[in-house]
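Coordinates in review
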Amino acid sequence: MKEHAQKRSLDEINWSAWAGVDRATLLFIIKDGKILLIRKKRGLGAGKINGPGGKLDPGETWEEAAIREVEEEILVTPTDVRECGELRFQFVDGYSIHVRVFAAAHFEGAPTETNEAIPLWFDLDAIPYAEMWADDELWFPMMFAGTRFTGRFIFDDDAMLDHAFDGKP
């Protein structure tokens, strides 16, 4: 689990053998020029703005987990879900997380605050990147453009130390 502790650059990690400690999802509802984000109340990234998501339960597919997490966190059911990309995060303290990113064009229900999250709508040209993880600003444009992405990141707490997108210069 702590195999990659203190690694501060992508070159120091054997990514072909890398496996995240946790597997998790993010799912963004994008509709009518707006994106539904959340202010996270607890867990990794508490206080930050992000998309609903969380860890896979045993036996769940990535997509099943993504939909379940949105239902739990903001009480809506996303429909027309599509996978957008994959992110691998390595933290210098040894924690790591493998994330698959999804988007949905539609949903059922009304976004509602829970003990996990506060739902917030933003115009696509007014996303509050300063209140989000540093990597989001790099791959959100790819998600909006419908371009599949695969990214790798090194973080020291909230600070992004290194990153790369596979297949991109």
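Before reading further, recall that the structure is shown in the block above.
What counts and what doesn't
Residues numbered from 1 in each chain as written. Predicted model: local features only at pLDDT ≥ 70, side-chain atom pairs only at ≥ 80, totals over all residues. Heavy atoms only, no water. Helix = DSSP H or I, 4+ residues; strand = E, 2+ residues; numbered from the N terminus. Contact = heavy atoms within 4.5 Å. Core = buried A, V, L, I, M, F, W, Y, C linked by side-chain atoms within 4.5 Å. Buried < 20%, exposed > 50% of the residue type's maximum accessible area, 1.4 Å probe, protein only. Phe/Tyr/Trp six-rings, centres within 6.5 Å; stacked < 30°, edge-to-face > 60°. Lys NZ or Arg CZ within 6 Å of the ring centre and 35° of its normal. Salt bridge = Lys/Arg side-chain N within 4 Å of Asp/Glu carboxyl O.

**Describing the environment of Phe-140**
For Phe-140, the position within the fold is in helix H2 (residues 136-145). Along the chain, Phe-140 and Ile-127 lie 13 residues apart, while their C-alpha atoms are 9.7 Å from each other. Apart from residues lying up to four places away in sequence, Phe-140 is in contact with Phe-28, Ile-35, Leu-37, Ile-127, Tyr-129 and Met-132.

**Some details on the nonpolar core**
Among the nonpolar cores identified, the biggest contains 27 residues, and Phe-28, Trp-139 and Met-143 are the most heavily contacted of them. Elements with a minimum of two residues in this core: strand E1 (22-31), strand E2 (34-40), strand E5 (77-91), strand E6 (96-108), H2 and strand E8 (149-156). Once residues lying within four places of it in the same chain are set aside, the contact partners of Trp-139 are Leu-26, Phe-28, Leu-87, Val-101, Phe-149, Phe-153 and Phe-165. Counting residues in each nonpolar core, the second largest holds 16 residues, with Ile-29, Trp-62, Ile-74 and Ala-104 among its members.

**Concerning the packing of aromatic side chains**
Within the structure shown, the criterion is met by 15 aromatic pairs. Seen from their ring centres, Trp-15 and Trp-18 are 5.4 Å apart, and the 40° between their planes marks the pair as tilted. Across the pair, Trp-18 and Trp-15 agree in class, each one buried. Centroid distance Trp-139 to Phe-140: 4.8 Å. Interplanar angle 55°. Geometry classified as tilted. Put simply, the rings of Phe-89, Phe-91, Tyr-95, Trp-133, Phe-153, Phe-155 and Phe-165 touch in pairs and so form one group of aromatic residues. A cation over an aromatic ring shows up here: Arg-23 above the ring of Trp-62, its NZ or CZ 5.2 Å from the ring centre. Sitting over the ring of Trp-133, Lys-48 keeps its end group 4.9 Å from the ring centre.

**Details of the pattern of salt bridges**
Counted by the stated rule, this structure contains 16 salt bridges. Here Lys-41 and Glu-113 are joined by a salt bridge, their closest N and O atoms 2.6 Å apart. Taken together, the residues Lys-41 in the loop between E2 and strand E3 (49-50) and Glu-113 in the loop between E6 and strand E7 (117-123) connect sequence positions 72 residues apart. Residue Lys-41 is classed as partly exposed on the basis of its relative accessible area, which comes to 37%. The class for Glu-113 is partly exposed, based on a relative accessible area of 45%. Between Arg-68 and Asp-57 there is a salt bridge whose closest N-O contact spans 3.4 Å. Of this pair, Arg-68 sits in helix H1 (residues 62-74) while Asp-57 sits in the loop between strand E4 (53-55) and H1; the two residues are 11 residues apart in sequence, bridging distant segments of the chain. Through salt bridges with shared partners, one network takes in Asp-57, Glu-60, Arg-68, Glu-69 and Glu-72.

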